[in-house]
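Architecture at a glance
So you can see what is in the structure, the chains are spelled out below.
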Amino acid sequence: MDASFEPKIIALVCNWCTYTAADLAGTSRLKYPANVRLVRLMCTGMIDVKYVIKAFLEGADGVFIGGCHPGDCHYINGNLKARKRIRSVGSILENFGFDPGRLTLQWIGASEGPEFARHMTEFVDTIKKLGPNPIKTRMIL
Amino acid sequence: MNREIPRIGVYVCHCGMNIAPQVDVEQVAGFAGRLEHVVVARDYKFMCSNPGQELIEDDIKAHNLNRVVVASCSPRMHEATFRKACQKAGLSPYNFQMANIREQASWVTADSGRATAKAKDLVAAAVRRVAFHHPLQTRQVEVNKSVLVIGGGIAGIQAAISAADAGYKVYLVEREPSIGGHMAKFDKTFPTLDCAACIMTPKTVIAGQHENIELLTYCEVVGLEGFVGNYKARILKKPRYVDEDKCTGCGTCMEKCPTRKIPSGFEENLTFRPAIYSPFPQAVPKTPVIDADNCRLLAKNKRCGVCAKFCEADAIDFNQEPRHLEITVGAVIVATGFSAFDPSPMVQYGYGLYPEVYTSLQFERLNNATGPTAGRILMKDGRVPRKVAIIHCVGSRDKNHLPYCSRVCCMYSLKFSHLVREKTGAEVWSFYIDMRSPGKLYEEFYNRVQAEGVHLVRGKVAMVTDIVDQPGSGNLTVVAENTLTGRNLRLPVDMVILSVGLQPARGAEEVARMTGISTDGDGWFTELHAKLAPVNTPTAGIFLAGCCQGPKDIPDTVAQAMAAAGQATALLAKGTVETQAEISSIDPDTCSGCRSCLEVCPYNAIYFDEGRRVAVVNDALCQGCGSCAATCPSSAAAVAQFNDRQVMAEIDAILA
Ligand SMILES: Cc1cc2nc3c(=O)[nH]c(=O)nc-3n(C[C@H](O)[C@H](O)[C@H](O)COP(=O)(O)OP(=O)(O)OC[C@H]3O[C@@H](n4cnc5c(N)ncnc54)[C@H](O)[C@@H]3O)c2cc1C
Ligand code: FES
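Residues numbered from 1 in each chain as written. Chains lettered and ligands numbered in written order. Predicted model: local features only at pLDDT ≥ 70, side-chain atom pairs only at ≥ 80, totals over all residues. Heavy atoms only, no water.

1. Re the confidence of the model for chain B
So the rule is basically this: As a per-residue measure, pLDDT tells how confident the predictor is, with possible values from 0 to 100.
In this model, chain B carries an average pLDDT of 96, and 100% of its residues clear a pLDDT of 70 or more. Our summary of model confidence lists the complex with pTM equal to 0.89 and ipTM equal to 0.96.

2. A closer look at the packing of helix H1 (residues 25-33) of chain B against helix H5 (residues 112-130) of chain B
Residue and element names in this part refer to chain B. Formally: Only C-alpha atoms enter the line fits that serve as axes; for helices the fit covers just the stretch in contact. Angles between N-to-C directions range over 0 to 180 degrees. Numbering of helices and strands runs from the N terminus, with a helix taken as a DSSP run of H or I at least four residues long and a strand as a DSSP run of E at least two residues long. Left-handed is the label given to a crossing in which the near helix is rotated counterclockwise from the far helix by less than a right angle, and right-handed is the label when the rotation is clockwise. The contact rule is simple, with two residues in contact once any of their heavy atoms fall within 4.5 Å. Each residue gets one label: Ala, Val, Leu, Ile, Met, Phe, Trp, Tyr, Cys and Pro are nonpolar, Asp, Glu, Lys and Arg are charged, and the others, such as Gly, are polar.
Put simply, H1 and H5 touch, their axes get as near as 10 Å, and they point 35° apart. Seen from above, H1 lies across H5 with right-handed handedness. Contact residues: Gln27, Val28, Phe31 and Ala32 in H1; Thr116, Ala119, Lys120, Val123 and Ala124 in H5. Here the residues of the contact of H1 with H5 sort into six nonpolar, two polar and one charged.

3. Brief notes about unusual backbone geometry
All names here are of chain B. Note the cut-off: Each residue is placed in one exposure class: buried if its accessible area under a 1.4 Å probe, protein chains only, is under 20% of its type's maximum, exposed if it is over 50%, and partly exposed if it falls in between.
Cis geometry marks the peptide bond from Ala20 to Pro21, where omega comes out at 0°. With respect to the helices and strands, the residue Pro21 is situated in the loop between strand E1 (8-13) and H1. Omega for the bond connecting Phe190 with Pro191 falls within 30 degrees of zero, at -10°, which places this linkage in the cis form. The phi dihedral of Cys15 falls on the positive side, at around 50°, and the residue is not glycine. Structurally, Cys15 is set in the loop between E1 and H1. The exposure class assigned to Cys15 is buried, which follows from its relative accessible area of 12%. Of note, Arg397 is a non-glycine position whose phi angle comes to about 50°, a positive value. Mapped onto the secondary structure, Arg397 falls in the loop between strand E21 (387-394) and helix H12 (409-424).

4. Topic: the site of ligand 1
Residues and elements named next belong to chain B. Worth spelling out the cut-off: Residues are counted as near a molecule or strand when any one of their heavy atoms sits within 4 Å of it. The term polar contact refers here to a pair of N or O atoms within 3.5 Å; inside protein, the definition further demands a hydrogen-donor-capable atom paired with an acceptor-capable atom, and it admits residues adjacent in sequence only when both atoms are side-chain atoms. Using the Shrake-Rupley algorithm and a 1.4 Å probe, accessible areas are obtained, with residue cover drawn only from the displayed protein chains.
Every one of the 33 residues lining ligand 1 counts as a neighbour, but Glu174, His182, Lys415, Lys552 and Ile554 are closest to it. Between ligand 1 and the protein, one listed contact pairs an oxygen atom with a side-chain N or O atom of Glu174 at 2.6 Å. Contact between ligand 1 and Phe338: an oxygen atom at 3.3 Å from a main-chain N or O atom of the residue. A total of 1,000 Å² of accessible area belongs to ligand 1 in isolation, and the protein chains cover 96% of it.

5. Section: empty space enclosed by the protein
Condition: Computed over the protein atoms alone on a 1 Å grid, cavities are sets of points where a 1.4 Å probe fits but cannot get out and pockets are open sets with protein on both sides within 12 Å along at least five of seven lines; a residue lines them when it has an atom within 4 Å of a point. Grid points are joined across faces, edges and corners, and a volume is the space filled by probe spheres set on the points.
One pass over the full model with this rule turns up five cavities of 30 Å³ or more. Its volume calculated, the largest cavity comes out at about 160 Å³. Elements with a minimum of two residues in the lining of the largest cavity: strand E2 (36-41) of chain A together with helix H3 (75-88), strand E4 (96-100) and H5 of chain B. Here the lining of the largest cavity takes four residues from E4 of chain B, the largest share from any one element. Tallied by class, residues from the lining of the largest cavity come to nine nonpolar, three polar and three charged. In this structure, the second largest cavity occupies an estimated 100 Å³ of space. Forming the walls of the second largest cavity are 14 residues, and the residues nearest its centre are Cys257, Ala275, Cys295, Cys304 and Cys307 of chain B. Where the lining of the second largest cavity is concerned, the elements lending two or more residues are helix H9 (296-300) and helix H10 (306-310) of chain B.

6. Description of the side chain of Arg67 of chain B
Residues and elements named next belong to chain B. Positionally, Arg67 belongs in strand E3 (residues 67-72). Within polar-contact distance, the side chain of Arg67 engages the side chain of Glu4 at 2.8 Å. Not counting chain neighbours up to four residues away, the residues in contact with Arg67 comprise Glu4, Pro6, Arg7, Ile8, Gly9, Leu91, Asn95, Val130, Ala131, His133 and His134.

7. Here's the deal with helix H15 (residues 554-574) of chain B
All names here are of chain B. Basically, it comes down to this: One fewer than the residue count of a helix, multiplied by 1.5 Å, yields its expected span. Note: the arc covers the axis-to-C-beta directions of the helix.
The end-to-end C-alpha distance of H15, which contains 21 residues, comes to 30 Å, matching closely the 30 Å that a straight helix rising 1.5 Å per residue would cover. Those residues of H15 that sit buried are Thr557, Gln560, Ala561, Ala564, Ala565, Ala568, Thr569, Leu571 and Leu572. End-on view of H15: buried residues confined to an arc of 165°, all on one side of the axis. Buried-residue contacts for H15 involve strand E6 (146-150), helix H6 (154-165), strand E18 (331-334), strand E29 (542-544) and strand E30 (576-578). The residue sitting at the N-terminus of H15 and contributing the capping side-chain oxygen is Asp553; that oxygen lies 3.0 Å from the backbone nitrogen of Asp556. At the exit of H15 stands Gly575, carrying a positive phi of roughly 90°.

The following block contains the structure:
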């Protein structure tokens, strides 16, 4: 593992829960690694598979998806549709040569600031262990 | 398609000392100034202040800007502020984007250099994205001028009265046979020791008689759909088997009913009630209900019908069926309250094992003039207790049960101490962890009770047992440690009262799901903002009041109820709401007619136009969830403000 490797992670998060939890983590001044960039969406149900694939093809080292707990989706069941869709991306990623562990989907409720910070820390850790996005190394080669 | 060349202004906020100096705002503004299409980039101390907003407005005019990015706090905080500033200067409020560099960078990043780098990425993403923003259309739709209140405790009653007094129609739905909630069970209320019935009955009577309030007791909300200003609620009216219009409330049926041994829930199972019952004498409405599970005729199919025979008004109707009502309202106030913690799992306290161990709600009934002992504090054998122990924080502040403080238990325990002293002269030993009396006149009440000779012991009770050390000294022994003196204590007592904590009402998850309210880790409903929007929820037109949001006393509950009614009636008074702009549309030229969007839409907001063979979004029903957009194989469906180009632009810029 390259100690100097600082991954770049795209987080596609729901406005109603995970984005709000991130705000709460901020208000509570919880510290977590600066590797994650949040993209705010209205619901995980609007996440198109192509956003995830595009992120990886453009060099994201990891993609984090954060939605409402089952039953809590602001739009009834967008989160469950997202889960189904995201499961199907796993095999596509493998075909492209990406470790499916680079993509994760988690439920983080609006009041779960500490959980948000913990998930960010853990995911950054996971990605650090997996190393840089293979696309980037291939390009360098 | 819009072909104008973007001219973007970027404004980086210091937020006093909240963003700067942790994020090097000057560096971020300098960086922004070099991004494509950016015409002007500045940093300023407080962007949300009037001069900050004027800076944007002046630049829009001076530099002919057609897009604006503000890098400051969360859009959940100030997006509306800056959109308005854009609008004032003649720019579409939708040609705006925020970069959240406070909650997501300065506040959460230990290293200043990395915080600055992250802020730059977030600004670049917002700039790249805003280039694809366009003005959006909205419509004004009329607001239905009525309110649905769910839950008829003091919170729901007060909210209903306030909204009805403002001139709006209110539907007050309560699942029990009568309104009043927990407060209806109390005799006295801290800190003033007001008689609960004396202050509550006038409210229940007004709620029952108000020309603008329709009481829907013994009813439940089983469905809610729609959006702010236009919610449709489906209400289940459970059969009472008594015709509300005919019943005079004389009570003869309850006297004559031969089934008498049913534990009374209202009396906390301290006594029994008949199969046809009204929870308490001053119940509103006074129409009784037949408990179908215990009625001889309805449950056991036996020949009975005694109540019907004696009913002079001919009000008994064994053939009533559950009915469904549909109502349309502009706003919803959720006031479903709490339920008391059940102490049975805490076996060390002996609840359910020893007859003289009571919960606090049972004690409220024991002390109540209309309760099983007509307000005399008596043991089950009819004797007056000589020594009473009160245990605070039962279930509360306990990681295994309720991790939080239930806020009212210290105060009601003090109330109990006073009442026991006053009514029986018994010795009172009150065991607390910390004494919490923050509230107007609360500390004074604490001092008063202390002066009345109550033994206040700081320490947790380890166990209540029926092993008696000295015969004749009491039937129970309380084993505790006094943490102030460090001494262990074995106290013989006659009666133990468990001051149980508060937890969300039974069925609260169901209500949360139906109304789209989220809950915190403990199950309480979450308000939009902990400080600044305490009765609002993320869903416009849905408000909270009372203990459903968290444990609180009656004064706070009533204040919240009035606030919720104020918010709801403000919405109704305005008369119209602007429709959401961020909704889906389907490009008919790209739509292949595959209909996959119809299947995923949770609102049935998409229909298929057979003539053109394309899917069409009904913009009155669409909520903008984007399920269709994510599913559409031809990329014909898109949510305004979250279309592929906008989202991809953000991703692109971050990874550039
Ligand atoms: C033992 C005890 C003593 C107390 N003493 C005092 C005191 O002396 N002074 C004081 O200030 N505070 C006191 N409190 C606190 C007080 O009880 C609360 O502040 C108050 O009752 C909160 O009112 P509420 O309307 O929010 O909730 P509740 O009283 O719980 O009312 C909620 C109502 O909603 C109904 N409901 C629930 N779910 C649904 C549903 N899905 N559909 C329809 N209806 C539903 C319930 O049946 C109930 O009628 C005491 C609390 C306890 C436990
Ligand atoms: S609204 Fe949060 S995942 Fe659907």
